Amino acid sequence: MKRLHVAAGVIRGANGHVLIAKRPMDKHQGGLWEFPGGKVEEGESAESALARELAEELGIAVTAARPLIQVRHDYPDKQVLLDVWEVLEFVGEAHGAEGQPLAWVAAEDLPRYDFPAANRPIIAAARLPKSYLITPDRLAPQQLLSGLALALDAGTRLLQLRCPSLPDAEYLALASQVLEMSAGRAQVMLKGPLEWADVFPDAGWHLTASQLVRHAGAGRPIEPGRWLAASCHDRAELELAKQMGVDFIVLSPILATASHPEATPMGWQCAADLLLGFAQPAYLLGGLGPSDMARASQIGAQGVAGISAFWP
């Protein structure tokens, strides 16, 4: 069965809301919501197909877009490759040119709508930012909180509280403070024993690679609706993350770093090869910073994670 290549757009309005459309009842997955787009024709690039489809379906002209994620999904009756782009700027007023219902939805509300199964990773990617801040270790708690306040004021929306040198009791106390100061501003990912997850229902959880391997056979360790991430370093760990149903991963190390001089960097080409066909959002970590965002996006990553590069 030939895989159907579809270009789709996560279209953002001036207020950050995302445009979705309802599929006709007589189409595959009819009656469900989708990200607008359509089939890529023979010899056509995904970006060109997206521009053509959005002009036909919505009456808009795309002026700025960037790759977001590629998703390969097998339905019982169809195999699809969704080539998804984030549409940042367009000209015209979007309307259902083919009579289809439209809705502008806050990104955080997307999980409330019924989408085809292949869209789950796209919904996650649409809700995640381009940068993932990881806190530096060995800071005094008050120093760390002061730095986080600056980061939040600067627009940080996703952060991981990583303090391996702190005793458990101090980490738990600090986690409570970080969650309180980040409420309504940024998603906090915590690390540590999974038993702690019940103590912090508002936090997401970031698994180490060893935790990923240890818990892989037991399925997803926290309930759907809470962010779950994992650190990965090779294809085997990516496969485990996929099987577990994590929402996103961090792939490292891309380049050499002073913090982990013993680690062998995989380089950009290896990272690109690993992400090819991987359907979950992925952040790249290791010697990278804001200037690497565009290159990360071009090879299929959600964005860049970092410690010193994003610490104020």
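Here we summarise the structure given alongside this text. (Residues numbered from 1 in each chain as written. Predicted model: local features only at pLDDT ≥ 70, side-chain atom pairs only at ≥ 80, totals over all residues. Heavy atoms only, no water.)

## Some words on the pairing of strand β1 (residues 4-12)
Each regular strand carries side chains that alternate between the two faces of the sheet.
Piece 1. The element β1 is extensively covered by neighbouring structure, given that seven of its nine residues are classed as buried.
Piece 2. As paired strands, β1 and strand β6 (residues 79-91) are joined by eight bridges and run parallel to one another. Bridge pairing in β6 places Val-10 opposite Glu-86.
Piece 3. One ladder, built from three bridges, connects β1 with strand β4 (residues 37-39); its direction is antiparallel. Residue pairing across strands places Ala-8 opposite Gly-37, the latter belonging to β4.
Piece 4. Counting the residues between successive antiparallel strands, the hairpin from β1 to strand β2 (residues 18-22) contains five residues, one of them, Gly-16, with a positive phi of roughly 90°. (Buried < 20%, exposed > 50% of the residue type's maximum accessible area, 1.4 Å probe, protein only. Helix = DSSP H or I, 4+ residues; strand = E, 2+ residues; numbered from the N terminus. Pairing = 2+ DSSP bridges.)

## Observations regarding the pattern of salt bridges
Piece 1. Throughout the structure, instances matching the rule amount to 13 salt bridges.
Piece 2. In this structure, Glu-223 and Arg-226 form a salt bridge, with 3.7 Å as the shortest nitrogen-oxygen distance.
Piece 3. Where salt bridges share partners, they join Arg-12, Arg-66, Glu-86 and Lys-130 into one cluster. (Salt bridge = Lys/Arg side-chain N within 4 Å of Asp/Glu carboxyl O.)

## With respect to the nonpolar core
One broad trend across soluble globular proteins is that nonpolar side chains are buried collectively.
Piece 1. Counting 52 residues, the largest nonpolar core has Leu-161, Val-178, Leu-190, Trp-205, Ile-249 and Leu-284 as the members making the most contacts within it.
Piece 2. Listed in part, the 25 residues of the second largest apolar core include Val-6, Val-10, Leu-82 and Ala-125. (Core = buried A, V, L, I, M, F, W, Y, C linked by side-chain atoms within 4.5 Å.)

## Let's talk about helix α2 (residues 120-127)
Side chains that are three or four residues apart share a direction in an α-helix, a result of its 3.6 residues per turn.
Piece 1. Within α2, six of the eight residues are buried, which leaves it mostly tucked inside the rest of the structure.
Piece 2. Residues of α2 that are buried: Pro-121, Ile-122, Ile-123, Ala-124, Ala-125 and Ala-126.
Piece 3. Tucked into the core, α2 has its buried residues touching β1, β5 (61-74) and β6. (Contact = heavy atoms within 4.5 Å.)

## Side note on the side chain of Glu-53
Piece 1. Here Glu-53 lies in helix α1 (residues 46-58).
Piece 2. Within the structure, the side chain of Glu-53 is placed 3.1 Å from the side chain of Arg-52, a separation counted as a polar contact.
Piece 3. Among all residues touching Glu-53, those that are not within four sequence positions of it are Gly-37, Gly-38, Lys-39 and Leu-58. (Polar contact = N/O pair within 3.5 Å; in protein donor to acceptor, adjacent residues only side chain to side chain.)

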